[in-house]
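Structure assessment
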Amino acid sequence: MTSATTFALIRHGQTDWNAAMRIQGLSDIPLNDTGRAQAADAVGHLARYDWDFIVSSTLSRAAETADLIADGLGLTVTRRIPQIVERNYGPAEGLSAGPELDALRVDGGPTGNGGFLGAEPEADVASRGLQALRELAAANPGARIIVVSHGTLIRLALMSALGEFVGTITNAALTVVSLDDAGWSLEVLNGEVLTPTDDLDNDLDALDAAPAR
């Protein structure tokens, strides 16, 4: 790899299940009007920098977010990538906090939150997410790519890549990570600049995104 490949990792906009704090996973829940507005807001932040193309998860909430961003930036969504769909939460999908969800919880996992009976292991989610990003980097060295995916997928992939804890990824917030010969570097997390570069200003404003899980 001769130059860094830069990714803008964008969690999809809000859905009704996000607003109700229900676990979505592979359930194909569409954006609500707030989510569409969040995608439009993301355009303004992304437009401050140059991007080459957009890819997204195959789930409709991520695909529509990507389409709205692409329309706003005049870019093309080149691929829908199955490997970056959200974690499969199995029987926990559709549930919110309460005894029914608590009964499915199991200990362990890199987030410290453990997992759920019948859910996809966190390590598997991180592995497929990172593999998809590495394949994009290998095919497009030096490119600047917007990747619209899901909160848990982004979080687990970042934790695996960086070897450190990463908190909740908010809806439609801008997170920027780069990959070069030295490895992964996190530059922006949820709109907050962590590692200033020539392309990322210190005064980048945080996106006004709802912290729905």
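Data block above holds the structure.
Residues numbered from 1 in each chain as written. Predicted model: local features only at pLDDT ≥ 70, side-chain atom pairs only at ≥ 80, totals over all residues. Heavy atoms only, no water.

Within the element layout of this structure, Arg79 appears in strand β3 (residues 77-80). Taking the relative accessible area as the measure of exposure, Arg79 reaches 42% and is therefore partly exposed. Sequence-wise, Arg79 and Phe53 are 26 residues apart; in three dimensions their C-alpha atoms are separated by 9.4 Å. Not counting chain neighbours up to four residues away, the residues in contact with Arg79 comprise Ile54, Val55, Ser56 and Leu136. (Helix = DSSP H or I, 4+ residues; strand = E, 2+ residues; numbered from the N terminus. Buried < 20%, exposed > 50% of the residue type's maximum accessible area, 1.4 Å probe, protein only. Contact = heavy atoms within 4.5 Å.)

Judged by nonpolar contacts, the single largest core of 28 residues is most densely connected at Phe7, Leu9, Leu136, Ile145, Val147 and Leu158. Contributing elements (two or more residues each) for this core: β1 (5-11), β2 (53-56), α5 (122-139), β6 (144-149), α6 (151-162), β7 (174-180) and β8 (183-189). It is α5 that provides the largest number of residues to this core, a total of seven residues. Ile10, Val43, Tyr49 and Val188 belong to the second largest nonpolar core, which has 18 residues in total. (Core = buried A, V, L, I, M, F, W, Y, C linked by side-chain atoms within 4.5 Å.)

To continue, consider the packing of helix α2 (residues 33-46) against helix α3 (residues 60-73). Between two packed helices, what matters for the description is the angle formed by their axes and the separation of those axes. At a closest axis distance of 9 Å, the pairing of α2 and α3 adopts a crossing angle of 40°. In terms of orientation, α2 lies oblique with respect to α3. Crossing handedness for the pair α2 and α3: right-handed. Residues Arg36, Ala39, Ala42, Val43 and Leu46 of α2 lie in contact with α3, whose contacting residues are Glu64, Thr65, Leu68, Ile69, Gly72 and Leu73. In terms of residue class, the contact of α2 with α3 is made up of seven nonpolar, two polar and two charged. (Axes fitted to C-alpha atoms, helices over the stretch in contact; angles between N-to-C directions. Parallel < 35°, antiparallel > 145°, perpendicular 65-115°, else oblique. Left-handed = near helix turned anticlockwise from the far one by under 90°. Nonpolar A, V, L, I, M, F, W, Y, C, P; charged D, E, K, R; others polar.)

Let us now look at the pattern of salt bridges. Summed over the entire model, instances satisfying the criterion amount to six salt bridges. Two residues, Asp102 and Arg105, come together in a salt bridge whose shortest N-O distance is 3.3 Å. Arg105 gets classed as partly exposed once you look at its relative accessible area, which sits at 40%. One salt bridge connects Arg128 with Glu120, and the closest N-O pair in it is separated by 2.8 Å. Take Arg128 and Glu120: they sit in the same class, and that class is buried. It is possible to trace a salt-bridge network through shared partners that takes in Asp33, Arg36 and Glu64. (Salt bridge = Lys/Arg side-chain N within 4 Å of Asp/Glu carboxyl O.)

Applying the stated criterion to the full structure yields two cavities of 30 Å³ or more. In this model, the largest cavity occupies a volume close to 50 Å³. Leu9, Ile84, Gly129, Leu133, Val147, Ser149, Leu153, Ile154 and Ala157 are the residues that line the largest cavity. For the lining of the largest cavity, the elements supplying multiple residues, two or more each, are α5, β6 and α6. Within the lining of the largest cavity, the residues separate by chemical class into seven nonpolar, two polar and no charged. (1 Å grid on protein atoms, 1.4 Å probe; cavity = no way out; pocket = protein on both sides within 12 Å on 5 of 7 lines; lining within 4 Å. Points joined across faces, edges and corners; volume = space filled by probe spheres on them.)

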